[in-house]
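Each chain, letter by letter, is given below.
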Amino acid sequence: MKFRSKLEERIATLLKELGVIYEYETTKVAYTIQHNYIPDFILPSGMILEAKGYWDEDDRRKIKAIKQQNPDLDLRMVFQNPYLKISKRSKTTYAQWCDKHDIKWCSYSTIPIEWLT
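Before going into details, it helps to say that this report is about the structure given with it.

**A word on the sheet that holds strand S7 (residues 105-107)**
Sheet strands associate in pairs through backbone hydrogen bonding, adopting either a parallel or an antiparallel arrangement.
Next, step 1: One open sheet holds the 5 strands; their spatial order is S1-S4-S5-S6-S7, and the pairing between them is mixed. Unpaired on one side and paired on the other, strand S1 (23-24) and S7 mark the two borders of the sheet.
Next, step 2: Alignment of S1 against strand S4 (residues 41-42), held across 2 bridges, turns out to be antiparallel. Its bridge partner being in S4, Tyr24 is matched across the sheet by Phe41.
Next, step 3: Packing of helix H2 (residues 57-69) onto the sheet brings it into contact with strand S5 (48-52) and strand S6 (75-79), and relative to S6 it is tilted by some 155 degrees.

Right, dumping it as structure tokens:
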């Protein structure tokens, strides 16, 4: 299977090693900023894992809109480094931004096992 990033590939490998069944970019979720959102990983529980290395302003705006317009969607962020600043001019990290917007997140290296079972 072809992944869009090395981080997504590593998460897929981890899920496979743990015996977790998932779908990769198989569903489109409508929202108004853009036409459709294609989640990275969809677990059997319906939980969506969105993998991000670099997370730019447009992607943050998209995730925020998706969460606002789909409040029942269990969307969680998996970051390569959650403690990177959202920009050179900001003190806010990816993790802090998610906390502010009530979006669950983790680091790739510490994905909670309860998310996967």
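**Some points on the side chain of Ser107**
Next, step 1: When you line up the elements, Ser107 lands in strand S7.
Next, step 2: Residue Ser107 is classed as buried on the basis of its relative accessible area of 13%.
Next, step 3: Setting aside its immediate chain neighbours within four residues, Ser107 contacts Val78, Phe79, Gln80 and Pro82.

**A word on the pattern of salt bridges**
Pairing is possible between side chains that carry opposite charge, provided their charged atoms lie close to one another.
Next, step 1: Within the structure shown, the criterion is met by 7 salt bridges.
Next, step 2: Between Asp59 and Lys52 there is a salt bridge, with its nearest N and O atoms 3.1 Å apart. Judged on exposure class, the residue Asp59 and its partner Lys52 are both buried.
Next, step 3: Among the charged side chains, a network of salt bridges with common partners joins Glu50, Lys52, Asp59 and Lys62.

Definitions and cut-offs
- Residue indices follow the written sequence of each chain, beginning from 1 at its first position.
- Two thresholds apply to this predicted model, a pLDDT of at least 70 for residue-level local features and 80 or more for giving and counting side-chain atom pairs, whereas whole-chain, interface and lining totals are computed over all residues.
- The basis for every side-chain value is the complete set of heavy atoms in the structure, and neither hydrogens nor water enter the calculation.
- Strands are treated as partners if at least two bridges between them are detected by DSSP.
- Helix and strand definitions follow DSSP, with helices as H or I runs of at least four residues and strands as E runs of at least two, each counted in order from the N terminus.
- It only takes one pair of heavy atoms within 4.5 Å for two residues to be counted as in contact.
- Only the stretch in contact is used when fitting a helix axis, every axis being a line fitted to C-alpha atoms; angles between N-to-C directions are given from 0 to 180 degrees.
- Burial here depends on accessible area, computed with a 1.4 Å probe over protein chains only, as a share of the maximum for the residue type. Under 20% is buried, over 50% is exposed, and the range in between is partly exposed.
- Salt bridge, as applied in this entry: a Lys or Arg side-chain nitrogen positioned within 4 Å of an Asp or Glu carboxyl oxygen.

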